[in-house]
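# Descriptive analysis of the structure
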Amino acid sequence: MSLRVFAPGRVNLIGDHIDYLGGDVLPMALPLGTEVTLTPADAFEFVSAQYPERWTGDDWPQPSGQWFDYVVGCIQLWPDSTPVRPCRIAVTGDLPRGSGLSSSASLEVAVLTALNAWLNAGLSPTEVALLGQRVEREWIGLNCGIMDQYASAWGAAGHALHVDCSGPRHVQVPLTLGDSGFWVVNSKAPRGLPGSLYNERVAETAEIASRLGIAGALARADVNAADALPPRLRQRFRHVVSEQRRVGQFVEAAAARDVLSMGALMNESHASLRDDYEVSGEDLDALQAALVACPGVLGARMTGGGFGGCVVALIRNDAAASVRDQVRSDYQTSRGRTPDFIGGTPSAGARVL
Ligand code: ADP
Ligand code: MG
């Protein structure tokens, strides 16, 4: 008998590069995601509709840049208390991969949720998310925070998640915005060396914490000593502190349905990621600028790890079609690629189908 599980990708509305510093973030799960079908079998077999490579056997390979590294990592880190028996895991998904919408986290959460249900392991969505994060960090080698897996595990229809990553814990934030909505715009820009640059930022913030003598969550630190930091680290720290503040302000604005303030905070967040944290890039900057130049766009920002990937925009519904046409043509002219517009409907989290 087979078990089918769907786990969504996510878009982060605001609060980037502070999840690994124990800060607040505001992701929402997307309608797009990854579906896994788990079938008990005589031998392990992992296949994906999106890749020709498959894995069979139980002589586990070390991670080598193959898609099934993620599945192997889930099984390697699965708790010994409920051993994984041989099974076939068939994967398919409709998220753009490598675009910052967390297809990798959704794959991890889908596989772990399937194992959890099959083996009656009793893991909570938070425990599933933490295990998925360990796969990414300990097996894949990306020192990511908890946001992506957490959003995939806990997503709620009609809501963003205000996640305190120092827990992690969250409260749901209703997103009833009336005449406006979120759009995810895929720049289709290649990400270059995202993993190493991402890890470099993580290392820089560790240096800030050590220089300032901060043991706990850096994003929550109450310090005025940043002047003592060298300029580059001061810049990084300014992003961390200001982004943490903006998340709180954005949540308040969302509660008041104040879309103008929400949009302004998104623009400020983009500038901070571009100028202070330096994780944006020419493509994302061009796309963000093309969006905010259009009437009806309330705000836009790069989202996720950066160095390519997607921009999230808050757009008045009656302007959405004309914004899409204008931005596609502007960005095609300036960067030679046609961006995709994906509807940002806040959606439910991982579930057995
Ligand atoms: P992102 O998480 O932003 O989409 P990553 O580089 O972290 O980008 O993860 C993308 C990787 O996740 C893919 O290269 C692949 O290894 C794996 N992956 C995602 N979706 C699938 C899928 N449907 N089938 C197989 N592997 C997948
Ligand atoms: Mg990923």
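The present account deals with the structure reproduced in this document. (Residues numbered from 1 in each chain as written. Chains lettered and ligands numbered in written order. Predicted model: local features only at pLDDT ≥ 70, side-chain atom pairs only at ≥ 80, totals over all residues. Heavy atoms only, no water.)

## Observations concerning unusual backbone geometry
What counts, and what does not: Think of it this way: any DSSP run of H or I at least four residues long counts as a helix, any run of E at least two long counts as a strand, and we number them from the N terminus.
In the segment running from G167 into P168, the intervening peptide bond is cis, with an omega of -5 degrees. One non-glycine residue with positive phi stands out, namely H17, at about 60 degrees. Positive phi, close to 60 degrees, is recorded for K188, a residue that is not glycine. Within the element layout of this structure, K188 appears in the loop between β9 (180–186) and α5 (194–212).

## Let's talk about the sheet that holds strand β11 (residues 310–316)
Selection rule: Any two strands between which DSSP finds at least two bridges are classified as paired. Each axis is a line fitted through C-alpha atoms, taken for helices only over the stretch in contact, and angles between the N-to-C directions span 0 to 180 degrees. Contact criterion: two residues are considered in contact whenever any of their non-hydrogen atoms come within 4.5 Å of each other.
Taken in spatial order, the 4 strands line up as β10-β11-β9-β12 in an open sheet, and their pairing is antiparallel. Two strands close off the open sheet at either side, each with one partner strand: β10 (297–303) and β12 (340–343). The mean inter-strand angle of the sheet, taken between neighbouring strand axes irrespective of direction, is 25 degrees. Inspection of the sheet shows β10 paired to β11 by 6 bridges, in the antiparallel sense. Bridge pairing in β11 links G299 to L314. Across the face of the sheet, helix α7 (residues 259–276) comes into contact with β9, β10 and β11 while running at roughly 35 degrees to β10. Sheet strands touched by helix α9 (residues 320–335): β9, β10, β11 and β12. Its angle to β12, the strand with the most contacts, is close to 155 degrees.

## Observations concerning the packing of aromatic side chains
Here is the rule we go by: Here is the rule: rings of Phe, Tyr and Trp (six-membered ring for Trp) pair when centre to centre is within 6.5 Å. Planes less than 30 degrees apart are stacked, more than 60 are edge-to-face, and the remainder are tilted. When a residue's accessible area, from a 1.4 Å probe over protein chains only, is under 20% of the maximum for its type it is buried; when over 50% it is exposed; and in between it is partly exposed. Note on geometry: a ring has a charge over it if NZ (lysine) or CZ (arginine) is within 6 Å of the ring centre and within 35 degrees of the ring normal.
A full pass over the atoms with the stated rule returns 9 aromatic pairs. Measuring from centroid to centroid gives 6.3 Å for Y51 and W67, while their planes differ by 20 degrees, and the two rings are stacked. Here the residue Y51 occupies a position in strand β5 (residues 51–56), and W67 occupies one in the loop between β5 and α1 (69–77), the gap between them amounting to 16 residues. Exposure remark for Y51: the relative accessible area of 33% places this residue in the partly exposed category. Judged by its relative accessible area of 7%, W67 falls in the buried class. Here the aromatic residues Y51, W55, W67 and F68 are joined through ring pairs into a cluster of three or more. Sitting over the face of the ring of W118, R85 holds its NZ or CZ atom 4.9 Å from the ring centroid.

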